[in-house]
Amino acid sequence: DVKVTQSSRYLVKRTGEKVFLECVQDMDHENMFWYRQDPGLGLRLIYFSYDVKMKEKGDIPEGYSVSREKKERFSLILESASTNQTSMYLCASSGSGGDNEQFFGPGTRLTVL
Amino acid sequence: DQQVKQNSPSLSVQEGRISILNCDYTNSMFDYFLWYKKYPAEGPTFLISISSIKDKNEDGRFTVFLNKSAKHLSLHIVPSQPGDSAVYFCAASKETSGSRLTFGEGTQLTVNP
């Protein structure tokens, strides 16, 4: 059973703080993704990674960076949090088998004050 | 630009009746489509998928129909149950993008007892 875990379910930070969101998957998946979910906008891809130390920009990378030092771990970094980054953040992983199914973590609800 | 669109933000049906959720896409390169279900405070979970070489895929109470010429797909749930109440996301991918998915905005389904 695939498990994707995220370090925090709820997080409250102040404007300007550096924020780390951690994601770990236990299925040896090559691909990992970070999304944010906002009402009426669906899931928007921030960054993704096809391999260790690899990263690709998604649709809305501005204000974010990522790190993938180990295959099972993919971190999302908000260098200087802003109020418009208040959102639900979802991490996902998938294998390279071709069916494109992604497995999601439970999400982190981030509030930036 | 929104390449995958779910034009109905919400849908309400009676228990036992059919639920039909719709999704339109604009990119003709998309060749694989998925539906995800999301409960509050949980990550999305995979429901059903369809390849562009098919026009129908069925799994129990869930059937997905694909009309490639209209760039339209729909998810049918029969019979609908109160436990089906959730947000449903349509997603699409293309072979050349690996397992990267493009999501729609989501439709909130409410099944009334």
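Here, the structure is the one placed above.
Remember, predicted model here, so these are calculated numbers, not experimental data.

> Is there a simple way to explain unusual backbone geometry in this structure?
Apart from glycine, the bulk of residues carry a negative phi angle, and the bulk of peptide bonds sit in the trans form. The amide bond that connects B:Val78 to the next residue, B:Pro79, takes the cis arrangement and shows omega of -10 degrees. Summarising the element assignment, B:Pro79 is placed in the loop between β8 (72-77) and β9 (86-93). Positive phi, normally seen in glycine, also occurs at A:Asp28, with a value near 60 degrees. Within the element layout of this structure, A:Asp28 appears in the loop between β3 (19-25) and β4 (31-38). Backbone geometry places B:Lys71, a non-glycine residue, at a positive phi of 50 degrees.

> Looking at this structure, how should I read the sheet that holds strand β6 (residues 56-59) of chain B?
Strands in a sheet are paired, the pairing made by backbone hydrogen bonds, and the direction either parallel or antiparallel. Residue and element names in this part refer to chain B. Strand order across the open sheet formed by five strands is β1-β3-β8-β7-β6, with antiparallel pairing between neighbours. At either end of the open sheet lies a strand with only one pairing partner, and these are β1 (4-5) and β6. For β1 and strand β3 (residues 19-25), the ladder comprises two bridges, and the chain directions are antiparallel. The residue bridging Val4 from the neighbouring strand is Tyr25, located in β3.

> Is there a simple way to think about the pattern of salt bridges in this case?
Any two side chains of opposite charge can pair if their charged atoms end up close together. Under the counting rule described, the total for this entry stands at 11 salt bridges over all chains. When the shortest N-O distance is used, the salt bridge between B:Asp84 and B:Arg61 registers 2.8 Å. Placement of the pair is B:Asp84 in the loop between β8 and β9 and B:Arg61 in the loop between β6 and β7 (62-67), with a sequence separation of 23 residues. Put simply, A:Asp28, A:Glu30 and A:Lys71 are held in one network by salt bridges that share partners.

> Help me understand the side chain of B:Asp84, please; the structure alone is not making it clear to me.
Looking at B:Asp84, the relative accessible area reads 2%, which means it is buried. With sequence-adjacent residues up to four places away left out, B:Asp84 is seen in contact with B:Arg61, B:Phe62, B:Ile77, B:Pro79, B:Leu109 and B:Val111.

> Explanation requested: the state of the cysteines in the structure shown.
Disulfides are covalent bonds that connect the sulfur atoms of two cysteines. Residue and element names in this part refer to chain A. Using the criterion set out here, one finds two disulfides over all chains in the structure. Linked covalently through their sulfurs, Cys23 and Cys91 form a disulfide whose S-S length is 1.9 Å. Because the sign of the S-S torsion sets the handedness, a value of about -75 degrees for the bond joining Cys23 and Cys91 places this disulfide among the left-handed ones. Residue Cys23 is located in strand β3, and its partner Cys91 is located in strand β9 (residues 87-94); the two are separated by 68 residues in the primary sequence. The buried category is assigned to Cys91, whose relative accessible area is 0%.

> Sorry, what's going on with the interface of chain A and chain B here?
Where the parts come together, the accessible area they lose is often given as the size of the interface. Taken together, the 26 residues of chain A in the interface contact 19 residues of chain B. Across the interface of chain A and chain B, roughly 1,700 Å² is buried in total on both sides, 52% from carbon and sulfur atoms. Of all residues in chain A, A:Leu43, A:Asn100 and A:Phe104 bury the most surface against chain B, accounting for 30% of the area lost on that side. The interface formed by chain A and chain B contains one salt bridge.

> When you look at the sheet that holds strand β8 (residues 73-78) of chain A in this model, what are you seeing that I'm missing?
Residue and element names in this part refer to chain A. Pairing is antiparallel across the open sheet formed by four strands, whose spatial order is β1-β3-β8-β7. Each edge of the sheet is formed by a strand with only one pairing partner; in this case those strands are β1 (4-6) and β7 (64-70). On average, each strand axis in the sheet is tilted by 20 degrees relative to the strand beside it, whichever way the strands run. Of the pairings in the sheet, the one linking β7 to β8 comprises five bridges and is antiparallel in character. When the sheet's bridge partners are listed, Tyr64 is paired in β8 with Leu78.

> Is there a simple way to explain the nonpolar core in this structure?
The nonpolar side chains of a soluble globular protein tend to be buried, and buried together. Ranked by size, the top nonpolar core spans 23 residues in total, and within it B:Phe33, B:Trp35, B:Leu73, B:Leu75 and B:Tyr88 carry the most contacts. Residue assignment for this core shows that the elements contributing at least two residues are β3, β4 (32-38), β5 (45-51), β7, β8, β9 and β11 (107-112) of chain B. The element contributing the most residues to this core is β9(B), with four residues. Judged by nonpolar contacts, the second largest core, of 20 residues, contains A:Val19, A:Ile60, A:Val66 and A:Val112.

> Quick question: what am I supposed to make of the packing of aromatic side chains here?
Two aromatic rings, taken as a pair, are described by how far apart their centres are and by the angle between their planes. Enumeration according to the criterion identifies 13 aromatic pairs over all chains in this entry. Ring geometry for B:Tyr36 against B:Phe46: centres 6.0 Å apart, planes inclined by 75 degrees, an arrangement best described as edge-to-face. With a gap of 10 residues between them, B:Tyr36 in strand β4 and B:Phe46 in strand β5 connect regions that are remote in the sequence. According to the relative accessible area criterion, B:Tyr36 is buried, its value standing at 0%. For the pair B:Tyr36 and B:Phe103, a centre-to-centre distance of 5.7 Å together with 55 degrees between the ring planes defines the contact as tilted. Taken together, the positions of B:Tyr36 in strand β4 and B:Phe103 in strand β10 (residues 102-103) put the pair 67 residues apart, joining distant regions of the chain. Neither residue differs from the other here; B:Tyr36 and B:Phe103 are each classed as buried. Following the ring pairs from residue to residue traces out a cluster consisting of A:Phe33, A:Tyr35, A:Phe48, A:Tyr50, A:Phe104, B:Tyr36, B:Phe46, B:Phe89 and B:Phe103.

What counts and how
- Residue indices begin from 1 for each chain and proceed along its sequence in written order.
- Starting at A for chains and at 1 for ligands, labels are handed out in the order in which the entities are written.
- Totals for whole chains, interfaces and linings use all residues, but because this is a predicted model, local features are given only for residues with pLDDT of at least 70 and pairs of side-chain atoms are given and counted only at 80 or more.
- No hydrogens and no water enter the side-chain calculation; it runs on all heavy atoms of the structure.
- Secondary structure follows DSSP: runs of H or I at least 4 residues long count as helices, runs of E at least 2 residues long count as strands, and numbering of each begins at the N terminus.
- Being paired, for any two strands, means DSSP has found at least two bridges between them.
- Here, a salt bridge means any Lys or Arg side-chain nitrogen found within 4 Å of an Asp or Glu carboxyl oxygen.
- Each residue is assigned to one of three classes by its accessible area relative to the maximum for its type, calculated with a 1.4 Å probe on protein chains only: buried under 20%, partly exposed between the two thresholds, exposed over 50%.
- Only heavy atoms matter for contacts: two residues are in contact if any of them lie within 4.5 Å across the pair.
- The definition used for a disulfide is geometric: two cysteine sulfur atoms within 2.5 Å.
- By definition, the buried area sums, over both parts, the 1.4 Å-probe accessible area that each loses when the two are put together.
- Axis definition: a line fitted to C-alpha atoms, limited for helices to the stretch in contact. Angles are taken between N-to-C directions and run from 0 to 180 degrees.
- Here, nonpolar core refers to any group of buried Ala, Val, Leu, Ile, Met, Phe, Trp, Tyr and Cys residues whose side-chain atoms link them within 4.5 Å.
- Side-chain rings of Phe, Tyr and Trp, where Trp is taken by its six-membered ring, are said to pair if the distance between their centres is within 6.5 Å; with planes under 30 degrees apart they count as stacked, over 60 as edge-to-face, and otherwise as tilted.

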